[in-house]
Amino acid sequence: MRLVKRFIVIMVVLISCVGCDQATKSVAQSHLSETDTWSFLGDTVRLQLAYNAGGFLGLGATLPTQWRVGLFSVSVLILLLMLLSYALFAKAVSAPMLLGFALLLAGGVGNLTDRLLYDGVVVDFIHIGIGPVRTGIFNVADIAVSAGVLILSVVMLQSSSKASQPDVEP
């Protein structure tokens, strides 16, 4: 896939996902609170505002501020730039891989934007589950990251499956 096509795909996914992520976070901050929960579909989906100073499920939230900024802002920015470079310039990037990379980039940029705008925290507001089995509170950027990881995992599993099959000549 040519560089221009890759760039266009990445930008479309990035603008769409980051725009949706930031718009939903803005609505969540306008209409939700950290103390009240809105419940839908028999309490399967809950909306509740949360500010996450850490990473996944709040991990690292109690680190000193300098460490958190370094870990969740500076290092994430470096990783995102490396991922963007790989997605644009690597020779063996298929269309599904490019989509996975673009979703990872979009989710990372969405949450990094929060950290830069909201003093090092990420706005979360979606909470799903059935009964006592529930997810952590997350946002649209987290969904993009999860979808990107899922796509890349499937691509890698398919590649390793094909590579492990012996060549049989008729």
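Going by the structure above, here's the rest.
Residues numbered from 1 in each chain as written. Predicted model: local features only at pLDDT ≥ 70, side-chain atom pairs only at ≥ 80, totals over all residues. Heavy atoms only, no water.

(A) Summary view of helix α2 (residues 65–89). An ideal rise of 1.5 Å per residue puts 36 Å on 25 residues; α2 measures up with 35 Å between its terminal C-alpha atoms. Along its length, α2 shows its largest kink, about 30 degrees, at valine 76. Residues of α2 that are buried in the fold lie against α1 (3–31) and α3 (95–117). (Helix = DSSP H or I, 4+ residues; strand = E, 2+ residues; numbered from the N terminus. Expected span 1.5 Å × (residues − 1). Bend = angle between axes of the 7 residues up to and from the residue. Contact = heavy atoms within 4.5 Å.)

(B) Layout of unusual backbone geometry. Backbone geometry at leucine 41 places phi at a positive 55 degrees, although glycine is not the residue there. With a phi close to 70 degrees, aspartate 43 is a non-glycine residue in the positive phi region. Residue position: aspartate 43 is located in the loop between β1 (38–40) and β2 (45–52).

(C) Quick look at the nonpolar core. Core analysis: the largest hydrophobic core is formed by 23 residues, its most contacted members being Ile10 and Phe101. At the level of elements, α1, α2, α3 and α4 (140–164) are the ones that each hand at least two residues to this core. Those residues in contact with phenylalanine 101, other than ones at most four positions away along the chain, are Leu83, Tyr86, Ala87, Val93 and Leu152. Core analysis: the next-biggest nonpolar cluster, separate from the first, contains 8 residues, Ala28, Leu49, Ile126 and Phe138 among them. (Core = buried A, V, L, I, M, F, W, Y, C linked by side-chain atoms within 4.5 Å. Buried < 20%, exposed > 50% of the residue type's maximum accessible area, 1.4 Å probe, protein only.)

(D) Examining the packing of aromatic side chains more closely. Applying the stated criterion to the full structure yields 1 aromatic pair. Ring geometry for tyrosine 86 against phenylalanine 101: centres 5.6 Å apart, planes inclined by 90 degrees, an arrangement best described as edge-to-face. Taken together, the residues span a long stretch of sequence, with tyrosine 86 in helix α2 and phenylalanine 101 in helix α3 at a distance of 15 residues. Under the relative-accessibility criterion, tyrosine 86 is labelled partly exposed at 42%. (Phe/Tyr/Trp six-rings, centres within 6.5 Å; stacked < 30°, edge-to-face > 60°.)

(E) Structural detail: the environment of valine 69. Checked against the element boundaries, valine 69 lands in helix α2. In this structure valine 69 comes out as partly exposed when scored by relative accessible area, which is 41%. Valine 69 sits 56 residues away from valine 13 along the chain, and the two C-alpha atoms are 26 Å apart.

(F) Summary view of the packing of α2 against α3. Contact geometry of α2 with α3 gives a least axis separation of 10 Å together with a crossing angle of 155 degrees. The angle between α2 and α3 places the two elements in the roughly antiparallel class. In this structure, the crossing between α2 and α3 has a hand that is left-handed. From α2, Phe72, Ser73, Leu77, Leu80, Leu83, Leu84, Tyr86 and Ala87 reach across to α3, where they touch Leu98, Phe101, Leu104, Leu105, Gly108, Val109, Leu112 and Arg115. Here the contact of α2 with α3 is built from residues that sort into 13 nonpolar, 2 polar and 1 charged. (Axes fitted to C-alpha atoms, helices over the stretch in contact; angles between N-to-C directions. Parallel < 35°, antiparallel > 145°, perpendicular 65-115°, else oblique. Left-handed = near helix turned anticlockwise from the far one by under 90°. Nonpolar A, V, L, I, M, F, W, Y, C, P; charged D, E, K, R; others polar.)

(G) Examining a nonpolar patch on the surface more closely. A cluster of nonpolar side chains, namely Val69, Val74, Ile78, Leu79 and Met82, defines an oily patch on the protein surface of about 460 Å² accessible area. Residue placement: methionine 82 occurs in helix α2. (Patch = residues over 30% accessible without salt bridge, like charges linked within 9 Å, V, L, I, M, F, W, Y side chains within 5 Å. Areas by Shrake-Rupley, 256 points an atom, 1.4 Å probe, with all protein chains shown as cover. Salt bridge = Lys/Arg side-chain N within 4 Å of Asp/Glu carboxyl O.)

(H) Structural context of the sheet that holds β2. The sheet built from 4 strands is open, its strands ordered β1-β2-β3-β4 with antiparallel pairing. Of all the strands in the sheet, just β1 and β4 (133–134) have a single pairing partner and so form its edges. As paired elements, strand β3 (residues 122–130) and β4 share 2 bridges and run antiparallel to each other. Each bridged residue has a counterpart across the sheet, and for isoleucine 130 the counterpart in β4 is valine 133. (Pairing = 2+ DSSP bridges.)

Geometry only, nothing functional implied.
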